[in-house]
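So the chains spell out like this:
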Amino acid sequence: MKFVLRAAFRSISRNKVRSILTTLGIMIGVAAVIAMVALGQGATVMIQIQIAELGSNLIMVVPGSTNRAGVRWGARSLTTLKLEDADAIREECSAVTEVAPVVRGMAQAVSGDQNWAAPILGTTPSYVAIRSWPMESGEMFTEHDVRIASKVCVVGKVVVNKLFLGADPVGQMVRIKKIPFKIIGTLKERGQNVFGDDQDDIVLVPISSAQKKLFGLTHLHTALASAASADHIPIAQNQMRLLLRQRHNIELKDDEDFALRTLSDLIETTEATLRILTILLSTVASISLVVGGVGVMNIMLVSVTERTREIGIRRAIGARRRDILWQFLVESVALSAMGGVIGVAGGMAITAIMSHVLNWPTLVSPGTVLVAFSFSGGVGVFFGFYPAHKAALLNPIEALRYE
């Protein structure tokens, strides 16, 4: 076996340029597969982090759809979700630790000669706890502010930059729909969420102030609830569903006028989409490996033809067919393995460059590297077997006569 290995590598080293060109397809294929999978896995991790930032063990309650005069209206078209529902969930659902009712709308925020159309969210102090959103400066408004409909607010980083040019606005006044609100706190910067929305472009006000003074609403747009733990999410969902059906007088045969959504559903859907995309991209990249394998087969067939006389001499001095078979098969696998090693290094380099240039997270797992390298070796075996088998079957007398 040592002689077979030495003979194979000696043959490869005699034709360095041809060997490098032969393995080029393998290199490109392995590098492309590693880069594509790394990008897909990195995107999955990034989205998981962004979804986790939406809230801790989050359950969202949203109004359902309705059917009026034969016309089916979409989700959130009902106005049956009330502030009292959120209070009841907080008090009666033992698996729920925090509840934050939410109403939202757009309004022009004005400070001095600066103005900005910002999303206004009316909610309670529990909102930042559920969202695990720390304060940058100042403080969150209190339950007392909610009870008396105080004209106070907490703003995000975008609003700070647009209205106050980045200066700390705590203590300053901002007019929302011509109503003065005092800024008592600012939120830490979060950036975009998984839906592409800028989380920092936000103004939080007490929900009572939003309903009575800004938007004139009596219903909620949504309610956020936090389960005691991840294991308690199904229990909390069941408790909330039973409670809301009871409060809304919904019969067993009737559709619910609300919907409960969790982050696990969103994560599963997103991961499934990314998994399909990663497989698709990896499959396309793997075509390069197949093309590289065809190149290896082509060169090995040429090598068999060129070395026909050498094969005849080896057979004449006692080499067996399996020795010839192993020699050419080892050459094929060695070429593919060399391409695989260089491709792995190239793929990791490409991944690092793309991550730096595109500011996109990547994740190169050992499993991906092992699979890509093993696949390159498998390509060498698959595409190298026919040329090796052909060499082993050569008639030694005819091989010695070959010119």
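A quick note: this is a predicted structure, and the numbers were derived from the prediction, not measured. (Residues numbered from 1 in each chain as written. Predicted model: local features only at pLDDT ≥ 70, side-chain atom pairs only at ≥ 80, totals over all residues. Heavy atoms only, no water.)

1. Notes on the overall build of the protein
- From N to C terminus, the protein includes 13 helices and twelve strands.
- Every one of the 403 residues in the protein was classed for burial, and the buried ones make up 46%.
- Of all intrachain contacts in the protein linking residues separated by at least 6 positions in sequence, the fraction that spans at least 24 positions is 76%.
- Approximately 20300 Å² of the protein is accessible, and the part contributed by carbon and sulfur atoms is 61%. (Helix = DSSP H or I, 4+ residues; strand = E, 2+ residues; numbered from the N terminus. Buried < 20%, exposed > 50% of the residue type's maximum accessible area, 1.4 Å probe, protein only. Contact = heavy atoms within 4.5 Å. Areas by Shrake-Rupley, 256 points an atom, 1.4 Å probe, with all protein chains shown as cover.)

2. Focus on the nonpolar core
- The biggest cluster of nonpolar side chains holds 64 residues, and the ones touching the most others in it are Ile89, Tyr127, Val203, Leu204, Val205 and Met240.
- Examining the composition of this core, we find that seven residues originate from one element, strand E4 (residues 96–111), more than from any other.
- Excluding anything up to four places from it in sequence, valine 203 contacts Ala118, Pro119, Ile120, Leu121, Cys153, Val154, Val155, Val159 and Ile176.
- Formed by 24 residues, the second largest nonpolar core is a distinct cluster that contains Ile324, Leu325, Phe328 and Ala392. (Core = buried A, V, L, I, M, F, W, Y, C linked by side-chain atoms within 4.5 Å.)

3. Comments concerning the side chain of serine 111
- With respect to the element layout, serine 111 can be found in strand E4.
- Judged by its relative accessible area of 12%, serine 111 falls in the buried class.
- Sequence-distant contacts of serine 111, defined by excluding residues within four places in its chain, comprise Leu163, Phe164 and Met173.

4. Concerning the packing of helix H10 (residues 308–316) against helix H11 (residues 321–358)
- Packing of H10 against H11 leaves a shortest axis separation of 10 Å and a crossing angle of 140°. The angle between the axes of H10 and H11 places the two elements in the oblique class. In this structure, H10 crosses over H11, and the sense of that crossing is right-handed. Mapping the contact onto sequence places Glu310, Ile311, Arg314 and Arg315 in H10 and Arg321, Asp323, Ile324, Gln327 and Phe328 in H11. (Axes fitted to C-alpha atoms, helices over the stretch in contact; angles between N-to-C directions. Parallel < 35°, antiparallel > 145°, perpendicular 65-115°, else oblique. Left-handed = near helix turned anticlockwise from the far one by under 90°.)

5. A word on the confidence of the model for the protein
- Residues with a pLDDT of 70 or more make up 87% of the protein, whose mean pLDDT is 82.
- Within the model, the stretch residues 66–74 combines pLDDT values under 50 with 15 contacts to residues more than four positions away or in other chains. (pLDDT = per-residue confidence, 0-100.)

6. Looking at the packing of H11 against helix H12 (residues 366–392)
- At a closest axis distance of 7 Å, the pairing of H11 and H12 adopts a crossing angle of 150°. Taken together, the axis directions place H11 and H12 in an arrangement best described as roughly antiparallel. You can see that H11 and H12 cross each other, and the crossing is right-handed.
- Counted by class, the contact of H11 with H12 contains 17 nonpolar, eight polar and one charged residues. (Nonpolar A, V, L, I, M, F, W, Y, C, P; charged D, E, K, R; others polar.)

7. A look at a nonpolar patch on the surface
- A surface patch of nonpolar side chains, amounting to about 540 Å² of accessible area, comprises Leu277, Leu280, Leu281, Val284, Ile287 and Val291.
- Mapped onto the fold, leucine 280 is located in helix H9 (residues 263–306).
- Given the relative accessible area of 51%, leucine 280 is considered exposed. (Patch = residues over 30% accessible without salt bridge, like charges linked within 9 Å, V, L, I, M, F, W, Y side chains within 5 Å. Salt bridge = Lys/Arg side-chain N within 4 Å of Asp/Glu carboxyl O.)

8. Points about helix H3 (residues 83–92)
- For H3, the full list of buried residues reads Asp85, Ala86, Ala88 and Ile89. Angular distribution of buried residues about the axis of H3 spans 160°; they occupy a single face of the element.
- Check the buried side of H3 and you find it contacts strand E1 (58–63), E4 and helix H8 (233–247). (Arc of directions from axis to C-beta.)

9. A closer look at H8
- For H8, which comprises 15 residues, the first-to-last C-alpha distance of 21 Å matches the rise-based estimate of 21 Å (1.5 Å per residue) to within 8%.
- Where H8 is concerned, the buried positions are Ile233, Ala236, Gln237, Met240, Leu243, Leu244 and Arg245. (Expected span 1.5 Å × (residues − 1).)

10. Side note on the pattern of salt bridges
- Within the structure shown, the criterion is met by five salt bridges.
- Of the charged contacts in the structure, one is a salt bridge between arginine 247 and aspartate 85, with a shortest N-O distance of 2.7 Å. Of the two residues, arginine 247 is situated in helix H8 and aspartate 85 in helix H3; the sequence distance between them amounts to 162 residues.
- A relative accessible area of 35% means that arginine 247 is categorised as partly exposed.
- Between glutamate 256 and arginine 241 there is a salt bridge whose closest N-O contact spans 3.3 Å. In this pair, glutamate 256 is assigned in the loop between H8 and strand E12 (258–262) and arginine 241 in helix H8, connecting sequence segments 15 residues apart.
- The exposure class of arginine 241 is partly exposed, given its relative accessible area of 29%.
- Where salt bridges share partners, they join Arg241, Arg245 and Glu256 into one cluster.

11. Some remarks on the environment of methionine 348
- With respect to the secondary-structure elements, methionine 348 resides in helix H11.
- Assessed through its relative accessible area of 42%, methionine 348 is described here as partly exposed.
- C-alpha separation for the pair methionine 348 and isoleucine 34, spaced 314 residues apart in sequence, amounts to 7.1 Å.
- Discounting residues that sit within four places of it in the chain, methionine 348 has contacts with Ile34 and Val364.

12. A few points about the environment of histidine 144
- Take histidine 144: it is sitting in helix H5 (residues 143–147).
- Since its relative accessible area comes to 42%, histidine 144 is described here as partly exposed.
- Measuring from C-alpha to C-alpha, the distance between histidine 144 and proline 206 comes to 9.6 Å, with 62 residues separating the pair along the chain.

13. With respect to the environment of glycine 295
- Here glycine 295 shows up in helix H9.
- Note on glycine 295: relative accessible area 24%, which makes it partly exposed.
- When the C-alpha atoms of glycine 295 and leucine 24 are compared, they prove to be 8.9 Å apart, with 271 residues separating the residues in sequence.

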